[in-house]
Amino acid sequence: MNETLLDIAGLTVRFGGTTAVSDVFLTVARGEAVGIVGESGSGKSAAMLAAIRLHPPGTGIETERHVLGGEDVRNATEGKMRSLRGRFVAMVFQDPLSALNPLLPVGVQIAEVLMRHRRLGRRMAHLEARALLTRVGIADAAAHEHRYPHEFSGGQRQRVMIASALAGDPALRIADEPTTALDVTVQAQLARLIVQLQRERQMGLIWVTHDLALMAGIVDRVVVMYAGRIMEMAPAGALYFAPRHPYTVALLASLPRLDRKRSPVLPGAPAPPGGVAQPGCPFAPRCSKRIDKCDEVPPLLEIGESLAACWALA
Amino acid sequence: MTRIAKLLRHRIAGGTILGGLGGLLLVCAVLAAAAAPVLAPYRPTDIDLRQRLLPPSWDAGGNMLHMLGTDNVGRDILSRIIWGARISLSVGLAASCLGALVGSTLGLCAGFFGGWTDRAVSWLIDVQLAFPFTLFAIFLLAVFGGGFMPVVAVLSLATWVNFARVVRSQALSLRAQDYLLAARAVGVGTPRILRRYLLPAVLPSIVVVASFSAAQAILTQAALSFLGIGVDPTVPSWGTMLDLGRNYLQTAWWMATFPGIAIALTVLGANLVGDWLSLRLDPRGS
Amino acid sequence: MNAIVEAAGIHLSFAETRVLSDINLAIAKGETFAVIGESGSGKTTLGRVLLMLQAPDEGSVLFHGEDITKLSGARLRRQRRRMQMIFQDPYASLNPRMTIGETLAEPLVVHGLENWVGAREKVAVALQMVGLEPAMAQRTPHAFSGGQRQRIAIARAVIAGPELVVADEPLSALDITVQGQIIDLFEKLRDAMGLTYVFISHDLPVVRHFAARAAVMLHGRIVEIGDPGVMFASPAHPYTRALLESVPVPDPEFERHKISRAARAPAPMSRAGQGGACPYVARCRHALSLCGEIMPPLKTVSPGWQAACWLLETSL
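Residues numbered from 1 in each chain as written. Chains lettered and ligands numbered in written order. Predicted model: local features only at pLDDT ≥ 70, side-chain atom pairs only at ≥ 80, totals over all residues. Heavy atoms only, no water.

### A word on the packing of helix 4 (residues 106-117) of chain A against helix 5 (residues 122-135) of chain A
All names here are of chain A. Running from N to C, helix 4 and helix 5 cross one another at 120°; their axes reach a closest spacing of 8 Å. Between helix 4 and helix 5, the crossing angle belongs to the class labelled oblique. Of the two possible hands of crossing, helix 4 and helix 5 adopt the one that is right-handed. From helix 4, Val-106, Gly-107, Val-108, Ile-110, Ala-111, Leu-114 and Met-115 reach across to helix 5, where they touch Arg-122, Ala-125, His-126, Glu-128, Ala-129, Leu-132 and Leu-133. Tallied by class, the residues present in the contact of helix 4 with helix 5 amount to 10 nonpolar, 2 polar and 2 charged. (Axes fitted to C-alpha atoms, helices over the stretch in contact; angles between N-to-C directions. Helix = DSSP H or I, 4+ residues; strand = E, 2+ residues; numbered from the N terminus. Parallel < 35°, antiparallel > 145°, perpendicular 65-115°, else oblique. Left-handed = near helix turned anticlockwise from the far one by under 90°. Contact = heavy atoms within 4.5 Å. Nonpolar A, V, L, I, M, F, W, Y, C, P; charged D, E, K, R; others polar.)

### Details of the nonpolar core
If you look at the biggest cluster of nonpolar residues, it comprises 69 residues, and the most contacted ones within it are Ile-162, Trp-207, Leu-212 and Val-222 of chain A. In contact with Val-222 of chain A, not counting residues within four places along its chain, are Gly-35, Val-37, Leu-212, Met-215, Glu-232, Met-233, Ala-234, Ala-236, Leu-239 and Tyr-240 of chain A. With 63 residues, the next largest nonpolar core counts Leu-174, Ala-214, Val-216 and Tyr-280 of chain C among its residues. (Core = buried A, V, L, I, M, F, W, Y, C linked by side-chain atoms within 4.5 Å. Buried < 20%, exposed > 50% of the residue type's maximum accessible area, 1.4 Å probe, protein only.)

### Section: the sheet that holds strand 1 (residues 3-14) of chain C
Residues and elements named next belong to chain C. The antiparallel open sheet is built from 4 strands, whose spatial order is 2-1-4-5. The sheet is open, and its two borders are formed by strand 2 (17-28) and strand 5 (66-67), each paired with just one other strand. Bridge count for strand 1 against strand 2 is 8 bridges, and the pairing is antiparallel. Opposite Glu-6, over in strand 2, you have Ala-26 as the bridge partner. In the packing of helix 1 (residues 43-50) onto the sheet, contacts are made with strand 1, strand 2 and strand 4 (58-63), and the angle to strand 2 comes to roughly 55°. (Pairing = 2+ DSSP bridges.)

### Topic: the packing of helix 3 (residues 77-113) of chain B against helix 9 (residues 238-246) of chain B
Residues and elements named next belong to chain B. For the pair helix 3 and helix 9, interaxial distance at closest approach is 8 Å and the crossing angle is 135°. Between helix 3 and helix 9, the angle falls in the class oblique. From helix 3, Ile-77, Arg-80, Ile-81, Gly-84, Ala-85 and Ser-88 reach across to helix 9, where they touch Trp-238, Met-241 and Leu-244. Partitioning the contact of helix 3 with helix 9 into residue classes produces 6 nonpolar, 2 polar and 1 charged.

### Observations concerning the sheet that holds strand 13 (residues 306-308) of chain A
One key point about sheets: their strands pair by backbone hydrogen bonds, in either a parallel or an antiparallel sense. Residues and elements named next belong to chain A. Sheet architecture is open: 8 strands sit in the order 7-8-9-3-10-11-13-12, paired in mixed fashion. Edge strands, defined here as strands with exactly one partner in the open sheet, are strand 7 (89-92) and strand 12 (301-303). Adjacent strand axes in the sheet meet at a mean angle of 20° when their direction is disregarded. Bridge analysis of strand 3 (residues 33-37) against strand 10 (residues 221-226) gives 4 bridges, and the strand direction is parallel. For Val-37, the partnering residue across the bridge sits in strand 10 and is Val-224. On the sheet, helix 1 (residues 44-51) packs against strand 3, strand 7, strand 8 (172-176), strand 9 (204-209) and strand 10 and is oriented at approximately 150° with respect to strand 9.

Written out as structure tokens, the structure is:
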């Protein structure tokens, strides 16, 4: 069952004079988990919002190919997109407080999604909502479903968000920094939960984060973004043990590890999207492997199992 | 979503157009007030009984000498309106400033110090709001007589509350900001924190409230002088003109209409500028 | 030990909730001491209490032997010169309406070390020390990135020559590749100025290599305290162990194995630790009924290493 859920190519996103995303491509198949990692300014969130056309007004999006759920959505109407979102693709955000309606009890919110996207009757929807809350690990769901979002702890709120995202029984789930604001122990638990759910329902998963270590046990493939471009794309094993792109190498080396001290530090700050003054590879100013050819934007080159955009590897 | 975006963009651009319009209106009023001796064709108290109750120049019977007509004792309406701007603007400005000073200080202290300071100020605000203000103002002025300072003082009583409430709530939310705590951690004393940290942050709001308060003060002053509580007997106020024109609405509509328009345009101008300021200052402010 | 700051018997509650319970600490001059914990552990509040930015309900904080909980007003402010704080959010800890030159000069002027004009030179030196151009003193915070702002915050903390610096999660808001730069800066300043650090963090790997001693906090109590190198290798308290297990390792095989092993349903959070019980009792795999009744005291595992767990009674 390798049905392609998302197929997007040549994605460029412009917002207020800057190019947040340049020439990004991505495919996600059913049952597959892809991780997108990047620091601030990498454009990873902007790319995902554009992928489900949830971008803020005034954003310019260009795509060569944009297929979601088997349908070409390049010129899709908002109505069409709305029916796709929730039913086919669901998004979990970093801050559940702003994504959940503070005025409605959580049980009601989940039931609403069920009624709208799965066409369940009110009673069935509430029962299913309770079951979903239990599934995501909220103990005593019957008591908690009447509570409001602010009455939950951060970790529990995120579980509610996940339940709400599951309600539409989506084939594809996009999680944008879902655990960043949470404690490590809660983070670990939620990561486990998301993996379990993904396996159970054979969903496609896109996990966006800045934490390369966190996604290690979750994803099958990793996409590394920097200043709006893809630097490297590789299967998880290849990326963690044989990183090709100098940025990926630096990123892995910068991860704080219990067993060893951090290695030499990468100078400078992550470049803002498309805001690099000189043309060419956006990482060049900080790169130790820089050569003359880096004044031109490198294409993604195949090296072993990975794709890396780096002239120095050619 | 794009439709809403277009609407929003239009509003903001429109905000500048309207804001500009408001600014223009205010500038006219200020010009009139400042240059009254030069601009006004006649003295506002010049009585000319031969020219009484002349309609505006474009009406039958009017003439170009009195563009907006004359009142029941032959005084030139246009000149009286130009001179009247002095009263309205000076009162509006003074009341707004005094209200700003008192209200902002109280609001800042209430919001920043909390505790009983806050309780006292909040209680004062509640009392003020619950009070039938105009009645009280009339009573006070009847007791103390009219005149510039009493009227300004009474009007500030109305406006200070606006400042106090806005500044207080801003100060409350600012109190939780890290950079305030950081300043305390450095060892910065309270006076400097109030002056250099809190005040610059609330200043945009104060300016916005000031423009709305000025509008409110101008309107209230017109109402007061309409009711007979004047500011300066030698200079006509628009409100006094309204009061006079009341009796001549059927026969000499221009006596009340033009001062009424003057009030409306000035207040509109102040409100438009206030709107524009709030759009520009507040969303960017934090 | 040559203790620069000590906390004794600190208790603090906010509106019915115990935020700090029975905190006792002594930090030596020149030591890098870490406070580890998750949200709700009270670590941030402890940092503020140590600097008397927050007064405790009970207990005392001694700075060079002097009880600063008894100070107030001008005397407390004078002490502040010697103990400074760095905040978590570099975007919120600088006054957006002051140039950074003014922000940096402020500690000097407020404590009478310089006037505004004389401070300019020291400001330039401080900026250079943290890796920024002195010319940038004219600009306001919004012109800088998160990492740069944090450097400015660090410069502000050290410019008046303090002895103690409390850093509250200074790395959390920064990109990974920038975090290393800031830690390096911390180390450089420590060596150059002989600073004592209280480093509040939830990031165990960073603490492992940066701190000489660490206290693990849970629900307002210290549950373990000792040398991170030793503690993390073989933690005495179950909570410390749980924290360590939660740290993700960039090794796909290892992580997948960990996830499938721990497939039991996750337990919800609860506010244990109110009243007499051990704060970890609700989540602890090895909880005894005693744990739900009485809070275990800190017991010495080996010199310099203590943990508060009833299970230790059996093995010691």
